[in-house]
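A structural walkthrough
Residue strings, one per chain:
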Amino acid sequence: VLMGVCLLVSAIFFYDETKMLLDIGASSSFTVVLDVVKSDALPPSLAHVVAPPTEAFVMDDTNALFTVEGLRHMNETYADVNDWVITFIDQSYLETFDLWYRYYRTHDGSRVQHPRLLFLIALDNVAFTKLRQCLGGTPDIVVVRLDKEGAGKNESLLWEQRVLFLHQIIHELPQYNIVFTDVDAFWVRDPFTEIFYNSPSLRDADVIASRGRYPQECPLTNAGASCMGFIRFRNTLATRQYLTHVRDWLQDEDNQKDDQVAVNCVATSSLYEPVQEQLPFNKHNTALLTYRSNRTIMMAPSSDDDSHLTIGLLSYSVVPRYCKEQTSRWRTNSNIVIIHCLANKNAKSKSIAIQKNDLLLKGEW
């Protein structure tokens, strides 16, 4: 459990000395504590360390986002943002998030070209309090609770709530693309420059997802499935229709309340017809899949093509899941962008996987 509160001392935010959350220096020479990425200048996104904002919009939970005031605030405050990076955190994963955040900040150099908002959703009051104490008021971060009813304590309800939240954002705020990332999916390189915007084969895809094997009953291709642990939804009409189908699928009482099952089973259902697999699909190649919609949802007119949905499935060489062999060389392997090692779904197992796969940064953890 993280101890203490965040203090401003010599322009450095930190937790208790045994925990290293936000060990970010605000001097004229900022150095990221990572072997492969270093910077000599303080990134603009860290200006709050020197001059904290005097006002911040306060949202207690995600419901407040969709009020008239909340939507107006997001539209006005983040008018220049292209992407939201969203992650869900409970108190047992605060230390894992601590490490994830340090990786995330090493890529601040691309924020000018690819402006983004980090949207942190706390699943319990302890996580909410700690995150708000340390990061509340940061210009490029929003901290909220999922809700006040404890959805985060019920796994099946959480998966459904995640999709409902995603569906509502993508419709109410259509100018933003959405990235879902687990806090143990470590950004060892910048996915915005390496994947989302500069990859000729993927930059126009509606959905870009890391690859998994679950659910096996409805694989997209070659036993591969979209993994919700790292996935980006480009805000297009085809994406909005797809997520409406996913929401409806989850709300059907006969279907399993699992968001990863939903995004895969909808794409392989009678709602869509596969029409093309552009790239050969194996562990070394990324697949680009195209589906024709068999059921168009009436929505506002748009110049987007709503008849086809494209899904990019990233190879294991880009987002390794079975980490034992690959991650020992990740610092020199330029193909690896995200490391998301398979482990049991509990904080202790994640911590063991982090240490075994050489993912610790310099400094205590």
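Keep in mind it's a predicted model, so treat the numbers as computed, not measured.

Under the defined criterion, the tally for this structure stands at 10 salt bridges. Among the salt bridges present, the one from Arg111 reaches Asp140, with a minimum N-O distance of 3.4 Å. Residue Arg111 is found in the loop between α2 (94-105) and β4 (116-122), and its partner Asp140 is found in the loop between α3 (125-135) and β5 (141-145); the two are separated by 29 residues along the sequence. Linked through salt bridges whose partners overlap, the residues forming this network are Arg105, Asp108, Arg111 and Asp140.

All right, on to the packing of α2 against α3 then. Running from N to C, α2 and α3 cross one another at 30°; their axes reach a closest spacing of 11 Å. Of the possible angle classes, the one that applies to α2 and α3 is roughly parallel. When the axes of α2 and α3 are compared, the crossing they make is right-handed. For the pair α2 and α3, the contacting residues are Leu94, Phe97 and Tyr101 in the first and Ala127, Lys130, Leu131 and Leu135 in the second. Its residues assigned to classes, the contact of α2 with α3 shows 6 nonpolar, no polar and 1 charged.

Look at helix α6 (residues 237-251): 21 Å from first C-alpha to last across 15 residues, which is about the 21 Å you get at 1.5 Å a residue. In terms of burial, α6 is a largely internal element, 12 of the 15 residues being buried. Among the residues of α6, those classed as buried are Leu237, Ala238, Thr239, Arg240, Gln241, Tyr242, Leu243, Thr244, His245, Val246, Trp249 and Leu250.

Within the secondary structure layout, Ile208 lies in strand β8 (residues 207-212). In the structure, Ile208 is positioned 18 residues away from Ser226 in sequence and 8.3 Å away in space, judged by C-alpha atoms. Leave out the neighbours within four places in its chain, and Ile208 touches Ile195, Phe196, Leu202, Phe230, Ile231, Arg232, Gly312 and Leu314.

What counts and what doesn't
- Residues numbered from 1 in each chain as written.
- Predicted model: local features only at pLDDT ≥ 70, side-chain atom pairs only at ≥ 80, totals over all residues.
- Heavy atoms only, no water.
- Salt bridge = Lys/Arg side-chain N within 4 Å of Asp/Glu carboxyl O.
- Helix = DSSP H or I, 4+ residues; strand = E, 2+ residues; numbered from the N terminus.
- Axes fitted to C-alpha atoms, helices over the stretch in contact; angles between N-to-C directions.
- Parallel < 35°, antiparallel > 145°, perpendicular 65-115°, else oblique.
- Left-handed = near helix turned anticlockwise from the far one by under 90°.
- Contact = heavy atoms within 4.5 Å.
- Nonpolar A, V, L, I, M, F, W, Y, C, P; charged D, E, K, R; others polar.
- Expected span 1.5 Å × (residues − 1).
- Buried < 20%, exposed > 50% of the residue type's maximum accessible area, 1.4 Å probe, protein only.

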